[in-house]
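Structure assessment
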Amino acid sequence: MRRARRLLLTLLLLVVALGPGLAGAQQKTLRARFIRSAIPADPGWRGWRLAPAIEVQLGPQVMAEPWQLTPSITRLTVKAVHNGTWVAFLLAWKDATRNAAMQTDTFRDAVALMVPVGRAASITMGAPKERVLILHWKADWQEDVDKGFQDVAQLYPHAWLDWYPFAPGEPPYDVRGWTNPEARRYLTGWVLGNPRSQPDKRTSVEEQVAEGYGTLTTNERQSAVGKGVYTNGEWRVVIARPFAAGDPNDPAWGPGKTVPVAFAAWDGGAGEIGGRKSLSDWVAVRLSPAGR
Amino acid sequence: MPEVYNWQLGRKMLYPYEERHPRWQFAFVFNTNRCIGCQTCSMACKSTWTFSKGQEYMWWNNVESKPYGGYPQFWDVKLLRMLDDVHQRANVEPSWDVAKRDGKERPYVTFEGLTIFEAARKRYGPEGHQPALGYLPTDAEWRAPNIYEDTSTGYKGGAFGLSTTGESLPEHKTWFFHLQRICNHCTYPGCLAACPRKAIYKRPEDGIVLIDQERCRGYKMCVEGCPYKKSMFRSTTRVSEKCVACYPRIEGRDPLSDGVPMETRCMTACVGKIRLQGLVRIAEDGSWAEDRYNPLYYLIKVDRVALPLYPQFGTEPNGFYIPPRWVPRPYLRQMFGPGVDEAIEKYVAPSRELLAVLQLFRTTQKIIFRYEIREGAKVYETTINGKPWAMYNDTIIGYDKAGREVVRVTVEEPVYERPAQHPNSI
């Protein structure tokens, strides 16, 4: 009886897991039009109005632990354009709360898109020898770019410490000024080059590569840019990247080609991070030939 | 999911990774009976590792007053309640089968309940499938590391909640005790199991568990998955950090160490002499290799006077505690498992060897790998719990990894009596 119940549950979960896959199969192709101008990394750019949109369904993540059975974000509105050398995506979704801080118990909103590096890859964040490129926009990085590094003084306005050993300057000792190695040594993630720990953020989009669950790694070269704006309960995020950045992890995409792209979203307010996310199946993106 | 052997539970259990064991294991014994709660250990750690920005709230070493204190607040009660919920829903009794007790690989009994890894498999609800049952503490729960310091339980009917006869053993009626906590560098770490990035690793040379600061993505799943809440998120680097077991000292790379392994900062700073830390040799099958005169091996495996903290969580922690002898036994059994009664009995009337080994606590910064006892004269006789007990002034000698003598102490401390006319002269 117990075993039968477990089998039933497994089947049910399988249906849930394949749900977005089935929905994805019915989704329309996204047309990425060619435009002659430069593409500003700005969700408010007027050119976006003319670009065709599709609705992308997002489902629960139940393949790698920890699961997210009841994800918060279930639908993205996606647009794409390209100008022959750059491709840009506009991702928009409803989110009742804007979460951009990473405190000990808070999480930030985020969105990502995934493209196979080769011709095709498994939807499971790739697989061995089926590498995927992931472009991951993070609200906390956006905050760093827009307002300067979100230090203790910003995250905890009431906190105060008179002195930190080795730290130069005056309270509140903005860590961007910690240029001496004695102080920097104790900001371990920073000194080891972890992109999360860099106080001087240049972009809100992190380029990553993966060959299956647990293999996600920051790409050695970072070519993507982006910008996210939150207004009226909605995030609008642009993620843009050159088709070819002279990178071995450049996807096989370009004008005139159709490539599979998958999407994922995180609601920081619901504690979503890592595998706790909602995700889509592959969506075909038809990139118009250059000049048309 | 692979099955691994957990000697503290006396059985195999589920764990996300196959069994692989280090050659040596970082381990320690804390004698809760002697702790004065001075927090010198906490400050030694803080001034070495966590004085920088974003680490303000971090105490890799903390001392909390039980039963009410906790850092983060109520960490153990919260997890025990979560475990209890799963046991009730799964209709499983978290009992210990005493009949199955058998030797050093099953010293306590067999645990029939669910570990944090097994309990996680029983939860298919919307809260999501986790590798290890756990929760993420709130910011507020980290804020008062020494909340309820020295707060004792109340006694019903007594004035001010105190009992006039409360101090009589075996159990005080109003009680509290200090619980000293660092990372347990578990054999089957909950943090490591919970990390989807494989950014946490256990070192093959000494079993120390570390978070790779370059690979960590700051998901805080290790904070959620560590039952002892010894992984902590750092807002200034947006990745998690944890106790590093002062590994440069353990490696013998500290300039003071003379090339041999040395105890951590929190251990060597201990004023109350409650701490002894070392390395135990691990056999290929993961069991503790026979090492009769290693003080940790003796205290934990031979005499069984020191017990793991919440062994039922299933991570096989490598921190061991001599339980406080005045505290109600049901509370202690919940915290240290079913070996509590035997451990207290042994501690209250220590054997000649135990009494000698207890003298080694906090006598040298070097890790003691072996001890030797030279017998001395009988200096005292009495009865304890109705049984005759004698004290001998034995000498105990400790040796470092290179086999050099690093300490020599006697059971009786040397006494010097000042002439009466100079009681306060300096």
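Below or above, wherever it landed, is the structure these notes cover.

About the criteria used
- Residues numbered from 1 in each chain as written.
- Chains lettered and ligands numbered in written order.
- Predicted model: local features only at pLDDT ≥ 70, side-chain atom pairs only at ≥ 80, totals over all residues.
- Heavy atoms only, no water.
- Helix = DSSP H or I, 4+ residues; strand = E, 2+ residues; numbered from the N terminus.
- Rg over C-alpha atoms; globule rule 2.2 N^0.38 Å.
- Buried < 20%, exposed > 50% of the residue type's maximum accessible area, 1.4 Å probe, protein only.
- Contact = heavy atoms within 4.5 Å.
- Lys, Arg positive; Asp, Glu negative; His and termini not counted.
- Charge placed at Lys NZ, Arg CZ, Asp CG, Glu CD.
- Phe/Tyr/Trp six-rings, centres within 6.5 Å; stacked < 30°, edge-to-face > 60°.
- Lys NZ or Arg CZ within 6 Å of the ring centre and 35° of its normal.
- Core = buried A, V, L, I, M, F, W, Y, C linked by side-chain atoms within 4.5 Å.
- Pairing = 2+ DSSP bridges.
- Axes fitted to C-alpha atoms, helices over the stretch in contact; angles between N-to-C directions.
- Buried area = accessible area lost by both parts, 1.4 Å probe.
- Salt bridge = Lys/Arg side-chain N within 4 Å of Asp/Glu carboxyl O.
- Polar contact = N/O pair within 3.5 Å; in protein donor to acceptor, adjacent residues only side chain to side chain.

**Quick word on the overall build of chain B**
When helices and strands are tallied, chain B shows twelve helices and 19 strands. In terms of overall size, chain B behaves like a compact globule, its C-alpha atoms giving a radius of gyration of 22 Å where 426 residues would be expected to give roughly 22 Å. Seen through its principal axes, chain B has C-alpha atoms that stretch 75 × 60 × 45 Å. Within chain B, buried positions represent 60% of all 426 residues. Across chain B, every contact between residues at least 6 apart in sequence was considered, and the portion connecting residues at least 24 apart equals 65%. The average position of the 58 basic charges and that of the 50 acidic charges among the side chains of chain B differ by 4 Å.

**Points about the overall build of chain A**
Helix and strand content of chain A: five helices and 14 strands. Computed over its C-alpha atoms, the radius of gyration of chain A comes to 20 Å, within 12% of the 19 Å expected for a compact globule of 292 residues. A principal-axis box enclosing the C-alpha atoms of chain A has dimensions of 65 × 60 × 40 Å. A separation of at least 24 residues holds for 64% of the contacts in chain A among residues at least 6 apart in sequence.

**Brief notes about the packing of aromatic side chains**
In this structure the tally under the stated criterion is 38 aromatic pairs over all chains. With a centroid separation of 4.8 Å and an interplanar angle of 45°, the aromatic rings of tryptophan 96 of chain B and phenylalanine 111 of chain B are classed as tilted. Within this pair, whereas tryptophan 96 of chain B is found in strand 5 (residues 96–97), its partner phenylalanine 111 of chain B is found in strand 6 (residues 110–111), the two being separated by 15 residues in sequence. Judged by relative accessible area, which is 2%, phenylalanine 111 of chain B ranks as buried. Taken together, the aromatic side chains of Phe26, Phe28, Phe30, Tyr321 and Phe336 of chain B make up a single cluster linked through ring pairs. Looking at lysine 220 of chain B, its charged tip hangs above the ring of phenylalanine 107 of chain A, at a distance of 4.1 Å from the centre. One Lys or Arg, arginine 352 of chain B, reaches over the ring of tyrosine 392 of chain B and ends 3.7 Å from the middle of that ring.

**Thoughts on the nonpolar core**
In this structure, Val29, Phe177, Trp288, Leu299, Leu309, Phe313 and Phe336 of chain B are the most contacted members of the largest nonpolar core, which totals 131 residues. Broken down by element, this core gets its largest block of residues, seven residues, from helix 2 (residues 75–90) of chain B. Residue contacts for phenylalanine 313 of chain B: discarding those within four places in its chain leaves Trp75, Leu79, Leu80, Leu83, Thr115, Ile116, Pro227 and Tyr228 of chain B. Membership of the second largest hydrophobic core comes to 37 residues, among which are Val56, Val111, Val115 and Val259 of chain A.

**Observations regarding the sheet that holds strand 3 (residues 24–31) of chain B**
All names here are of chain B. What the four strands build is an open sheet, ordered 12-3-14-13; its pairing is mixed. Whereas interior strands pair on both sides, the edge strands pair on one side only; in this sheet they are strand 12 (275–281) and strand 13 (307–308). Pairing between strand 3 and strand 14 (residues 319–322): four bridges, direction parallel. Along strand 14, the bridge assignment pairs asparagine 31 with isoleucine 322. Strand contacts of helix 9 (residues 295–302): strand 3, strand 12 and strand 14, with the helix running at about 90° to strand 12, the strand carrying the most contacts.

**As for the interface of chain A and chain B**
Taken together, the contacts link 57 residues of chain A with 43 residues of chain B. For the pairing of chain A and chain B, the buried interface totals around 4,100 Å² over both sides, and the portion due to carbon and sulfur atoms is 52%. Here aspartate 151 of chain A ties to lysine 53 of chain B by a salt bridge, and the two come within 3.0 Å at their closest N and O atoms. Applying the counting rule to chain A against chain B returns 22 residue pairs in polar contact (both at pLDDT 80 or more). At the level of secondary structure, the elements contributing two or more residues to the side of chain A that touches chain B comprise helix 1 (2–26), helix 2 (139–147), helix 3 (152–155), helix 5 (188–191), strand 8 (205–210) and strand 9 (217–218) of chain A. If you tally residues by element for the side of chain A that touches chain B, the top one is helix 1 of chain A, at four residues.

**Description of helix 11 (residues 340–348) of chain B**
For helix 11 of chain B, the complete set of buried residues consists of Val340, Glu342, Ala343, Ile344 and Tyr347 of chain B. For helix 11 of chain B, the secondary structure elements touched by its buried residues are strand 3, strand 13, strand 14, helix 10 (329–336) and helix 12 (352–358) of chain B.

Nothing here speaks to function; it is all geometry.
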